[in-house]
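Okay, here's what each chain looks like letter by letter:
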Amino acid sequence: MNESLPRYDRLQSYDWNYAHAPEPVEVDVPAIPGTWDFCGLPVASPLGIAAGPLLNGRWVRYYASLGFDVLTYKTVRSVERACYPLPNLVPVEVAQMAGGEREVPAAETMGRTWAVSFGMPSKAPTVWRADVEETRKLLPRGKLLVVSVVATEQPGWSLDQMADDYARCAQWAVESGADAVETNFSCPNVCTSDGQLYQQPADAARCAERVRDAIGRTPYLVKIGHLRDAEEAAALTAAIGPFVDGIAMTNSVAAPVRRPGGELLFDGAPRGICGAGILEASLRQMRTVRQTVTQRYLREGTKPASLIGVGGAFSAEDVRRYLVAGAAAVHLATAAMVDPTAALQVRNTWL
Ligand SMILES: Cc1cc2nc3c(=O)[nH]c(=O)nc-3n(C[C@H](O)[C@H](O)[C@H](O)COP(=O)(O)O)c2cc1C
């Protein structure tokens, strides 16, 4: 691991890290041979950063300089939203998550897996829109800027109001110059308070349709969480398929976190577990969804969505496993935060 390059400091607040973004660096970036495509846009490699590590445009340009070609701007909203209090990133000790764990133990030091607790903070739209616009202008040609957005539920909102809020943010992102938009559907749904939007196919489709109407032909991805089974995968992909160009997965695998020998953290509420411990579950989901969209394509001739592998990828071998499983691209979060040279390591060991 390269200790000399700056990285996100998990002991500091989100705002501190927002203000302390590193400058781009000048390094040799070995090419990945082949022809690559991100939701229909040509791109130099399948390597990207998932929504999370890139808090603002300076973080985007830092990781672009370090060999990532698709840069996803951390999820933004139609209103300003503060971050949850520290700790935002709690190392955990797990081998491989399967989903449905009753709890996972926190660890003293960071290995390769942690619980993530930010609450999707957002700067005000005037701030992020100006930042996206400037960032797109400063990013080298050939790098793609994806903006992740989420709706902000207000008390008593209907599903249509939620869909409109998704569409509003998506349209602003496109007006600001985003090359593609991602809507985070791994978040609570107003209409069914016990669910997540990606687990409500009809509601997810309504939001996706509204976003598609708002952004025209701009490439559009939906980010989803951990699916329970192939049936759930089939229902969701059939519902959102007509409106999206890509599906990014897996956001995380949720579980409550317990301090060693002590109490449950976060008042016992589950948090998204991210990093190496979700690699196998995410790969399984990639295979399931690939099979599902391919079968639909063979049966009905509907264009299959591009699948973006997210979750636990650290090495060239992990990236290859995602590609073999059916991903068109692979996006990293934890690996790139733990070691900012992650893309360079992948490129240097690409066979
Ligand atoms: C610090 C951090 C912040 C994140 N914030 C978001 C977010 O704002 N929106 C989102 O869709 N996913 C978010 N995620 C989830 C990541 O996009 C990704 O799905 C997850 O970390 C799994 O990938 P990994 O194992 O490579 O970390 C975040 C993850 C991390 C580590």
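This text follows the structure it describes.
Given the structure is predicted, the values throughout are model-derived calculations rather than measurements.

Asks: Where do I start with the site of the ligand in this structure?
Replies: By nearness alone, 25 residues border the ligand, and A50, G52, C274, A333 and T334 come closest of all. Every element with two or more residues in the shell around the ligand is listed here: β4 (70–76), β14 (271–275) and α9 (334–338). For the shell around the ligand, the residue count by class is 13 nonpolar, 10 polar and 2 charged.

Asks: I'm lost on the pairing of β4 in this one. Help?
Replies: Consecutive side chains along a regular strand alternate between the two faces of the sheet. For β4, a buried count of 7 out of 7 residues is recorded, marking the element as mostly surrounded by other parts of the structure. Relative to β4, strand β3 (residues 47–49) runs parallel, the two sharing 2 bridges. Looking at the pairing, G48 lines up with V70 of β4. A crossover connection joins β3 to the parallel β4 through helix α2 (residues 57–65); in handedness this β-α-β unit is right-handed.

Asks: When you look at the sheet that holds strand β10 (residues 220–223) in this model, what are you seeing that I'm missing?
Replies: The pairing of strands in a sheet happens through backbone hydrogen bonds and is either parallel or antiparallel. Pairing in this closed barrel of 8 strands is parallel, and the strands run β3-β4-β8-β9-β10-β11-β15-β16 around the ring. Sheet twist, expressed as the average angle between the axes of neighbouring strands with direction ignored, equals 25 degrees. Alignment of β4 against strand β8 (residues 144–149), held across 5 bridges, turns out to be parallel. Each residue of the ladder has a partner; that of Y73, found in β8, is V147. Its contacts with the sheet put α2 on β3, β4 and β8, and the angle it makes with β4 is roughly 155 degrees.

Asks: What am I meant to see in helix α6 (residues 230–240) here?
Replies: Side chains that are three or four residues apart share a direction in an α-helix, a result of its 3.6 residues per turn. The set of residues buried in α6 consists of A233, L236, T237 and I240. Seen from one end, α6 has its buried residues packed into an arc of 95 degrees, which puts them on one side. If you follow the buried residues of α6, they end up packed against α5 (201–215), β10 and α7 (279–300).

Asks: I'm lost on the packing of α5 against α6 in this one. Help?
Replies: Helix packing for two helices is described by the angle between their axes and how far apart those axes are. At their nearest, the axes of α5 and α6 sit 8 Å apart, and the two run at 25 degrees to each other. For the element pair α5 / α6, the angle class is roughly parallel. As α5 runs across α6, the sense of the crossing is right-handed. Contacts between α5 and α6 involve P201, A202, A204, A205 and A208 from the former and A235, L236, A239 and I240 from the latter. Tallied by class, the residues present in the contact of α5 with α6 amount to 9 nonpolar, no polar and no charged.

Asks: Mind showing me how you'd approach the nonpolar core here?
Replies: In summary, soluble globular proteins display a tendency toward joint burial of nonpolar side chains. Formed by 106 residues in total, the largest nonpolar core has its most connected members in Y63, L71, V146, V147, Y166, I247 and I273. Here this core gets 8 residues from one element, more than from any other, and that element is helix α4 (residues 159–175). When near neighbours in sequence (up to four residues on either side) are disregarded, Y63 contacts I49, P53, L54, F68, L71 and A336.

Asks: Mind showing me how you'd approach the environment of S148 here?
Replies: Within the secondary structure, S148 sits in strand β8. Overall, S148 belongs to the buried group, with 26 C-beta atoms counted inside 10 Å. Residue contacts for S148: discarding those within four places in its chain leaves A51, T72, Y73, K74, T75, E182, N184 and K223.

Asks: Can you help me understand helix α8 (residues 316–325) in this one?
Replies: Within α8, the full set of buried residues consists of D318, V319, Y322 and A325. Looking straight down α8, one finds its buried side chains confined to an arc of 125 degrees; they lie on one side. Of the exposed residues in α8, those oriented more than 90 degrees away from the buried face are E317 and V324. Phi turns positive one or two residues past the end of α8, at G326, with a value near 120 degrees.

Asks: How should I be thinking about the sheet that holds strand β7 (residues 113–116) in this particular structure?
Replies: The 4 strands are arranged β5-β7-β14-β12 in an open sheet whose pairing can be described as antiparallel. The open sheet is flanked by β5 (89–91) and β12 (253–255), the only strands paired with a single partner. Pairs of neighbouring strands in the sheet enclose a mean axial angle of 40 degrees, with direction left out of account. Bridging between β7 and β14 involves 4 bridges; their strand directions are antiparallel. Along β14, the bridge assignment pairs V116 with G272.

Basis of the calculations
Residues numbered from 1 in each chain as written. Predicted model: local features only at pLDDT ≥ 70, side-chain atom pairs only at ≥ 80, totals over all residues. Near = placed C-beta within 6 Å. Helix = DSSP H or I, 4+ residues; strand = E, 2+ residues; numbered from the N terminus. Nonpolar A, V, L, I, M, F, W, Y, C, P; charged D, E, K, R; others polar. Buried ≥ 20, exposed ≤ 12 C-beta atoms within 10 Å, placed from the backbone. Pairing = 2+ DSSP bridges. Right-handed = clockwise from strand over helix to strand, strands pointing away. Axes fitted to C-alpha atoms, helices over the stretch in contact; angles between N-to-C directions. Contact = placed C-beta atoms within 7 Å. Arc of directions from axis to C-beta. Parallel < 35°, antiparallel > 145°, perpendicular 65-115°, else oblique. Left-handed = near helix turned anticlockwise from the far one by under 90°. Core = buried A, V, L, I, M, F, W, Y, C linked by C-beta atoms within 7 Å.

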